[in-house]
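# Survey of secondary and tertiary structure
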Amino acid sequence: MSKPTADWERIGDRFYRKVQLYTSVFDADLELENYVVAGAPLSGAIAIYRDENKLYTFRNAQNLRPSIDIYSCSGKLIHRVNWDKGAIQGLGWSEDERLIVVTSDGTVRIYHDLGGDFVPFTLGHGAEEHGVKSCRFWSSGFVALLGNNQLVSVTRYDEPRPSLLPTPPGDEIFSWAIIAPAHTLSRSVEAVVAIDNTIMIVDASEAQDRKLQNGPFRHVAVSPNGKLLALYTDAGKVWVISSDFENRLTEYDARVKTPPKDLQWCGNNAVVLAWEDEIHLVGPSGSAAKHYYDSFVHLSPDVDGIRIFTNDACEFIQKVPDVSEEVFRFGSTSPASVLLDAVDLLEKKSPKADDNIQLIRPYLDDAIDTCVRAAGHEYSIHWQKQLLKAASFGKSVLDLYNSDDFVDMCEVLRVLNAVRFFEIGLPLTYDQYMRLTPERLIQRLLNRKEHLLALKISEHLTLPMDRIYVHWARQKVRSSTGEEDDICAEIVQRLGGKRGISFEEIAQAAYEEGRGKLATELLEHEPRAGKQVPLLLEVEEDSLALDKAIDSGDTDLVYHVLLHLKKKLPLASFFRAINGRAVATHLVESSAWDQDQELLKDLFYQDDRRLDGSNLLLKEALSITDSTQESDKLKSASRILEDSREHTFQVKAIDETQRLLKMQEVYQRELNEHFIGLSVNETIYKLIRLGNVKRSQKVQSEFKVSEKTYWWLRLRALVSRRDWRELEDISKTRKSPIGWEPFVNEILSAGNSKLASAFVPKCTGRSVEDRIELYTKCGLIVKAAEEALKAKNLDALEQLRDKASGQSVVEIDRMIKQLSRR
């Protein structure tokens, strides 16, 4: 096996390596020089589109159909997007592998999942009028250069809001690049624009001239960390300067009269110049390495290196990681290098292996860690194993060593080797993998429909697998052409018993494909009613949605369905839908009481609930102040019940209410007093209080008010109006239906004890003690004592004497002596 240093090349004081990732990537007949190529970050997919500005050989009618072809890095066609929406002026990727396409009229499409689904929007700001000339992309946004030199920025793909940057001078722009917001002090995107002989920095607030004198600059590139700029001058020189324009770090003379077609960064420490079949790799010291190819070259920069695409191969150039240089550099005596030699000697059964271990024993911990990290940066499986063997050998010598990093690296390398396989075509480096994260790697595999590998990796890394199953099922629904029952059965069989599976998402995919029946069948297996119901409503399974909502016991969910049905269906159909479903009917009724009483009337009528409908009209009648409207409501309430034998009492009560209302209208009009809304008793009371006894008697007669009730009302009304004469006349009558004690109490409460005492003698039905108490209440102590004397109640007399004063005491003493003599 060749040494890892075989593909290393020294440029200045640094080593760079060029790793051949895949061969025979593109068809030799593809004429790659006639295509625009854009690579997704972190070793993602490759999008190619025919450059319409170049002539090409006509082959067949297929070539006349424009398309954007999406490939893996190994050349496997993932998806083809047929294109008929005008000239493409910008083709780029987001970090989560969404393809962004910008046309000359400012239309933007964001393609998700490496498929045909996209979200469109327009740039506006005159893009349609002036046209888009070119675009520059970063991980979460892009900037478009318009024909009038205006720059339009889009900072978010999930909520695109195009905004104008300040306009640079109207001179010709030779080249331009952008610095991502994460790397600027202003935290907004900055455009580096080459105009005339200088460079201008355009941010959100201003366009600032940096006062350079050696332009025009035909190429401008910004390093991935935003700290350095690479400029290519008309004189064929490359300048590397700091992004604050304070320091010029490197100058390289390409000594080529033809300007390169592309200039890109290789990580953060080297620049790559590309002509058609030649590249120059320029290092920090200004020295360079040249590479030649047999076919056209395309560059795809990444965070830690650069990918190079030709028809023949996909290669990756990067600075050799420090740990790899420490282990493999020729002549290295580092502990990690000695440890690697030791494991080689151990395999050869040489006793020198132990000598090497003893030599580096004080530094063995660091040597093991370095070997583990170096294994992560190797593409060769052989050298991965050798480095891990060296680390394992070193661990066996130590008494105590934390093996977590070793175990983690073994897991990571298994994943990296699996996804680097040419059928998958994801040649991630270790640094790219750590930036991408395992969860986003799984999503990339799903975008490529590599479900089996995604499941194995998730199981290996103990990641959730439910979204993988759901994604597989969604793809199954979209791509299968068989019977819907068979598709549903297969999905349920595969996913049955799996935790966290959302059949609602699968059903949604079926619905989007126009398979309503399949969507309904899949929803039967969704355990969460809150997920089932909304989609059932979308597929117009209204009755099933209502039943599922009721079964869930979630009243909010039932209300949601009911509101949807009420808006969608005619009223009669709505009532038929809830008929027989007691929960739904009760919820409609309870909400209608407060919000829609007209609906409530229709519901009672539909269900033949006459008494409830009549009661509702009565409630409305009680709340109305207009007597005519109130009378109409009462008539309607009576009419609802008049054909029912069960409700004769209610009909009679409503009729009496109508008669009372008519009488009250007359009294209110003639007496100019408020009567409407009063009860029968209140009406009688008010008439007596106003002195209209005959009318009160008419009301009594009309509504058959009992004599006792009438006398009570008469008593209280007369007391209220202080009609003592009338009350005195009443005291002369022989009999009262309510007795005479109420007269005493009511008149006393009004403060007329004299008149009240006139009724005490008439309380013949009461005991002596009661009459004594009544006289006492009236303040007639002597009268009370006379009653006690008649009853020969000495104790009562003595109690009264204690309450008496003045002459009353003398009288009571006389009565006590009189009673004592007996």
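Under the annotation held in an unreviewed UniProt entry, the protein carries the name Probable vacuolar protein sorting-associated protein 16 homolog and is attributed to Neodothiora populina. The record held by UniProt for the protein lists under Sequence similarities (unreviewed entry) the comment "Belongs to the VPS16 family." In its Function (unreviewed entry) section, UniProt records this for the protein: "Essential for vacuolar protein sorting. Required for vacuole biogenesis, stability and to maintain vacuole morphology."

Scanning the protein for helices and strands turns up 33 helices and 29 strands. Relative to its full complement of 822 residues, the protein shows a buried share of 50%. Look at the contacts in the protein between residues 6 or more apart in sequence, and 47% of them connect residues 24 or more apart. When the accessible surface of the protein is summed, it comes to about 41,200 Å², and 47% of that surface belongs to carbon and sulfur atoms.

Time to look at helix α26 (residues 707–720). Helix length check: α26, at 14 residues, gives a terminal C-alpha distance of 20 Å against a target of 20 Å (1.5 Å per residue), a fit within 8%. Within the span of α26, buried status applies to Y710, W711, L713, R714, L715, A717, L718 and V719. Tucked inside the fold, the buried residues of α26 contact α24 (680–689), α25 (693–702), α27 (724–731) and α28 (741–749). In the segment just after α26, R722 is the residue with positive phi, at about 55°.

Moving on, we come to helix α13 (residues 503–512). Burial runs high along α13: 7 of the 10 residues are buried. Here α13 has its buried residues at F503, E504, I506, A507, Q508, A509 and A510. Check the buried side of α13 and you find it contacts α11 (466–479), α12 (484–495), α14 (516–523) and α15 (529–538). Remark: G514 follows α13 within two positions and exhibits a positive phi of approximately 80°.

Pairing in this open sheet of 4 strands is antiparallel, and the strands run β7-β8-β9-β10 from one edge to the other. The open sheet is flanked by β7 (88–93) and β10 (118–122), the only strands paired with a single partner. Between one strand and the next, the sheet's axes are offset by a mean angle of 15°, whatever the strand orientation. In this sheet, strand β8 (residues 99–103) lies alongside β7 in antiparallel orientation, the contact comprising 5 bridges. Considered in β8, the bridge of G92 is made with I100.

On to the nonpolar core, then. Formed by 87 residues in total, the largest nonpolar core has its most connected members in L339, V419, L445, I491, L495, I506 and L522. Those residues in contact with I506 that sit more than four places away from it in its chain are V470, A473, R474, V477, I491, L495, I501 and L522. Of all hydrophobic cores here, the second largest spans 25 residues; its members include I684, L687, L718 and F743.

Closest axis-to-axis distance for the α26/α28 pair is 10 Å, and the angle between their directions is 25°. Relative to α28, the element α26 is oriented roughly parallel. For the pair α26 and α28, the sense of crossing is right-handed. For the pair α26 and α28, contact is made by W711, W712, L715, R716 and V719 and by P742, F743, E746 and I747, respectively. Residues of the contact of α26 with α28, tallied by class, amount to 7 nonpolar, no polar and 2 charged.

Another point: unusual backbone geometry. Most peptide bonds take the trans form, and the phi angle of most residues other than glycine is negative. Located in the positive-phi region is N149, a residue other than glycine, with phi close to 70°. Looking at where N149 falls in the secondary structure, it is placed in the loop between β12 (141–146) and β13 (151–154). Unusually for a residue other than glycine, D196 sits at a positive phi of about 55°. With a relative accessible area of 40%, D196 lands in the partly exposed category.

Taken together, the side chains of E33, E276, D277, D294 and D312 make up a negatively charged region of the molecular surface. With respect to the helices, strands and loops of the structure, D294 is situated in the loop between β26 (288–292) and β27 (298–302).

Quick look at the environment of D105 now. Note on placement: D105 falls in the loop between β8 and β9 (107–111). When its relative accessible area of 35% is taken as the criterion, D105 is described as partly exposed. The contact partners of D105, leaving out residues within four places of it in the chain, are A127 and E128. At a separation of 3.1 Å, a polar atom in the side chain of D105 contacts the side chain of T107.

What follows deals with the environment of L91. Looking at the secondary structure, you find L91 in strand β7. Given the relative accessible area of 12%, L91 is considered buried. For the pair formed by L91 and T103, sequence separation is 12 residues and the distance between their alpha carbons is 9.0 Å. Not counting the four nearest positions on each side in its chain, L91 is found in contact with A38, A47, Y49, I68, L99, I100, V101 and F137.

What follows concerns the pairing of strand β22 (residues 248–253). Pairing of strand β21 (residues 237–242) with β22, which is carried by 5 bridges, proceeds in the antiparallel orientation. Looking at β22, one finds that V240 is bridged to T250. With antiparallel pairing between neighbouring strands as the criterion, β21 and β22 make up a hairpin whose turn holds 5 residues, including F245 at a positive phi of roughly 65°.

To continue, consider the pattern of salt bridges. Per the counting criterion, the structure on display carries 21 salt bridges. Across the salt bridge formed by E378 and R17, the nearest N and O atoms sit 3.4 Å from each other. You can see E378 sitting in the loop between α5 (364–376) and α6 (381–397) and its partner R17 sitting in strand β2 (residues 14–23), a full 361 residues away along the chain. With respect to burial, E378 and R17 carry one shared label: buried. Through salt bridges with shared partners, a single network forms among E95, R435 and R440.

Along any regular strand, the residues point their side chains to alternate faces of the sheet. The sheet contact formed by strand β11 (residues 132–138) and β12 spans 6 bridges and is antiparallel. Pairing of F137 across the sheet is with F142, part of β12. Between β11 and β12, which pair antiparallel and follow one another directly, the connecting turn spans 2 residues.

Looking now at the side chain of S334. Within the secondary structure, S334 is located in the loop between α2 (322–328) and α3 (335–347). A relative accessible area of 12% means that S334 is categorised as buried. Among the polar contacts listed, one links the side chain of S334 to the backbone oxygen of E326, at a separation of 2.8 Å.

The strand order across the open sheet formed by 4 strands is β23-β24-β25-β26, and the pairing between neighbours is antiparallel. Taken across any chain shown, the strands that pair with only one partner, and hence form the sheet edges, are β23 (262–266) and β26. In this sheet, adjacent strand axes meet at a mean angle of 20° when their direction is disregarded. Relative to β26, strand β25 (residues 278–282) runs antiparallel, the two sharing 5 bridges. Looking at the pairing, L281 lines up with A289 of β26.

Calculation rules
Residues numbered from 1 in each chain as written. Predicted model: local features only at pLDDT ≥ 70, side-chain atom pairs only at ≥ 80, totals over all residues. Heavy atoms only, no water. UniProt positions renumbered as here; feature names shortened; annotations may be inferred. Helix = DSSP H or I, 4+ residues; strand = E, 2+ residues; numbered from the N terminus. Buried < 20%, exposed > 50% of the residue type's maximum accessible area, 1.4 Å probe, protein only. Contact = heavy atoms within 4.5 Å. Areas by Shrake-Rupley, 256 points an atom, 1.4 Å probe, with all protein chains shown as cover. Expected span 1.5 Å × (residues − 1). Pairing = 2+ DSSP bridges. Axes fitted to C-alpha atoms, helices over the stretch in contact; angles between N-to-C directions. Core = buried A, V, L, I, M, F, W, Y, C linked by side-chain atoms within 4.5 Å. Parallel < 35°, antiparallel > 145°, perpendicular 65-115°, else oblique. Left-handed = near helix turned anticlockwise from the far one by under 90°. Nonpolar A, V, L, I, M, F, W, Y, C, P; charged D, E, K, R; others polar. Patch = residues over 30% accessible without salt bridge, like charges linked within 9 Å, V, L, I, M, F, W, Y side chains within 5 Å. Salt bridge = Lys/Arg side-chain N within 4 Å of Asp/Glu carboxyl O. Lys, Arg positive; Asp, Glu negative; His and termini not counted. Charge placed at Lys NZ, Arg CZ, Asp CG, Glu CD. Polar contact = N/O pair within 3.5 Å; in protein donor to acceptor, adjacent residues only side chain to side chain.

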